[in-house]
Amino acid sequence: MKSKIEKYILDKSEELVFITIEKNSEIELEGYSIPETGLKVPIKSDVLVKNIKDNTAQESLNMMSMIDAMLYIEGIDSNFALNSEYDKFIDAFIEKVKFDCLPYLGYMSNKSYQEGEIRDALVYIKSFLRRSPDDVMALYQYSIICQELALRYQKDEDLQATNDFLMEALTSLEHILDIDNEFSLAYYQLGFHYSNQNQFIKAKYIWERALELGIDEEMVAEIQENLSNIDFKVRYEEGYNLVFQGKAEEGLEKLLPIEEQHPDWWNLLFIISLAYKSLGEVGEAKKYLEKILIIRPTQVDTLVEMALCLAEEGNIEGAITYLSKAAKIRKDDPEILCNLGMAYLNNGDHDDAKYYIERAYEIDPMDEVTIACMKQL
């Protein structure tokens with residue numbers, strides 16, 4: 001199965017040249033027969049291939065060059081047409097010279113990484129995992145290489161590649177824990193991924209698990225510092241979840257103390273306003289929305305929420321004012337247009353109501369709310 005990151009290394013195949021070994025070639029490889037049509041064998045372009053029939057030593061040297069290139073192309077392209085044929089060739093070679101290809105691939109990956117050839121390191125470790133997909137250390141090495149490449153693409157401002165490699169690293173680390181849930185280094189690395197994804201409760205749990213299992217002293221200090229830095233974000237996420245679970249009072253107990261240290265954090269202020277609104281304290285909810293609009297006067301969700309609060313108080317004119325501002329900023333949002341249309345309808349302005357609701361319907365005729373508004377219109 002081709003992974004999302006293979007497209008970033010397919011050009012490595014251009015470093016290979018292919019020679020054809022004919023059916024009648026004298027290759028002494030017990031257990032392997034060259035196909036009737038011959039076998040196209042890859043060789044790295046910087047490797048000088050000499051006649052493989054000179055002597056046994058020379059044959060082994062040249063054979064190893066072919067084996068290396070076969071393993072290399074298998075790491076580049078998981079769907080390469082000759083992979084299964086190469087597997088037969090490699091397995092026969094392994095049997096002949098008692099060659100263990102997994103340590104070799106691990107060594108080549110590490111060597112390439114140390115030399116700064118990070119994509120080569122990726123190719124070799126992918127080839128390793130093709131043969132041993134559940135090897136924990138190889139999966140960890142794979143994740144580290146993917147993270148390094150993500151950083152490089154980030155410097156080049158290639159957001160898609162950055163995300164693809166980060167997700168590949170994340171998947172690999174999570175797979176490690178499916179195999180060995182006491183692999184502390186995976187927990188250490190995963191904490192950064194979850195923190196970067198704003199999953200702070202999860203990051204806290206993962207880092208604390210790494211500390212429980214035991215880890216290098218420098219990493220312990222780093223984790224402790226990170227846990228301290230995300231503490232208020234963890235409490236925010238806990239409060240956020242409580243509010244959306246219908247436990248607004250408990251949510252406010254978590255959220256209000258954070259406001260003292262972060263009075264300009266609009267996301268926090270917004271969730272506090274939702275909590276107050278759910279408790280029926282619309283006036284208090286509006287105070288927090290007003291704070292946000294001082295900081296971010298064009299924050300659309302806040303404009304809409306303020307309109308809904310005003311509508312709840314019976315101030316339809318005020319609701320129309322805020323919804324109109326929101327609709328000018330986010331012009332093709334059917335939900336905003338529907339709300340604005342319904343506000344006009346409740347205010348007795350049928351023409352404007354018709355205009356906005358029909359616009360919403362044109363944008364998304366399958367939306368259930370829009371359909372309901374059309375029926376009411």
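Scope of this entry: the structure provided in the associated data block. (Residues numbered from 1 in each chain as written. Predicted model: local features only at pLDDT ≥ 70, side-chain atom pairs only at ≥ 80, totals over all residues. Heavy atoms only, no water.)

Overview of the nonpolar core
Here is step 1: Among the nonpolar cores identified, the biggest contains 73 residues, and L39, I67, F89, L122, F165 and I176 are the most heavily contacted of them.
Here is step 2: Of all the elements, helix α5 (residues 136-155) adds the most residues to this core, at 10 residues.
Here is step 3: Residues within four places of F89 in sequence aside, it is in contact with L29, Y32, L39, M63, M66, I67 and M70.
Here is step 4: If you look at the next biggest cluster of nonpolar residues, it comprises 47 residues, including Y288, I292, L310 and A360. (Core = buried A, V, L, I, M, F, W, Y, C linked by side-chain atoms within 4.5 Å. Buried < 20%, exposed > 50% of the residue type's maximum accessible area, 1.4 Å probe, protein only. Helix = DSSP H or I, 4+ residues; strand = E, 2+ residues; numbered from the N terminus. Contact = heavy atoms within 4.5 Å.)

Some thoughts on the pattern of salt bridges
Here is step 1: Following the criterion strictly, the structure yields 25 salt bridges and no others.
Here is step 2: Between D120 and K12 there is a salt bridge, with the nearest N and O atoms lying 2.9 Å from each other. Separated by 108 residues along the polypeptide, D120 in helix α4 (residues 118-131) and K12 in the segment before β1 (16-21) bring together distant segments of the chain.
Here is step 3: Its relative accessible area of 15% is what places D120 among the buried residues.
Here is step 4: K12 gets classed as buried once you look at its relative accessible area, which sits at 5%.
Here is step 5: Across the pair E313 and K286 runs a salt bridge whose closest N-O atoms are separated by 2.8 Å. You can see E313 sitting in the loop between α14 (300-312) and α15 (316-329) and its partner K286 sitting in helix α13 (residues 282-295), a full 27 residues away along the chain.
Here is step 6: For E313, a relative accessible area of 43% corresponds to the partly exposed category.
Here is step 7: Judged by relative accessible area, which is 17%, K286 ranks as buried.
Here is step 8: The network of salt bridges with shared partners includes E74, D87, D91, R130 and R131. (Salt bridge = Lys/Arg side-chain N within 4 Å of Asp/Glu carboxyl O.)

Re the packing of aromatic side chains
Here is step 1: What the rule picks out here adds up to 20 aromatic pairs.
Here is step 2: Measuring from ring centre to ring centre gives 5.3 Å for Y8 and F165, while their planes differ by 45 degrees; the resulting arrangement is tilted. On the criterion of sequence distance, the pair formed by Y8 in the segment before β1 and F165 in helix α6 (residues 159-179) is long-range, its members being 157 residues apart. You'll find Y8 and F165 in the same group, each marked buried. (Phe/Tyr/Trp six-rings, centres within 6.5 Å; stacked < 30°, edge-to-face > 60°.)

Let's talk about the packing of helix α11 (residues 248-261) against helix α12 (residues 266-278)
Here is step 1: Following both chains from N to C, one finds α11 and α12 inclined at 150 degrees, their axes separated by 10 Å at the closest point. Between α11 and α12 lies a crossing of left-handed hand. Facing α11, whose interface residues are A248, L252, L255, L256, I258 and E259, α12 presents L268, L269, I271, I272, A275, Y276 and S278.
Here is step 2: Looking at the contact of α11 with α12 residue by residue, the class counts come to 11 nonpolar, one polar and one charged. (Axes fitted to C-alpha atoms, helices over the stretch in contact; angles between N-to-C directions. Left-handed = near helix turned anticlockwise from the far one by under 90°. Nonpolar A, V, L, I, M, F, W, Y, C, P; charged D, E, K, R; others polar.)

Examining the side chain of H193
Here is step 1: Counting through the fold element by element, H193 comes out in helix α7 (residues 184-196).
Here is step 2: Apart from residues no more than four positions distant in its own chain, H193 is found in contact with Q147, L166, A169, L170 and L173.

Structural notes on the packing of helix α8 (residues 200-213) against helix α10 (residues 231-244)
Here is step 1: Relative to each other, α8 and α10 sit at 125 degrees, their axes nearing to 8 Å. The angle between α8 and α10 falls in the class oblique. Residues F200, I201 and K204 of α8 touch α10, and the partners they reach there are K233, V234, E237, E238 and N241.
Here is step 2: Of the residues in the contact of α8 with α10, the class split is three nonpolar, one polar and four charged. (Parallel < 35°, antiparallel > 145°, perpendicular 65-115°, else oblique.)

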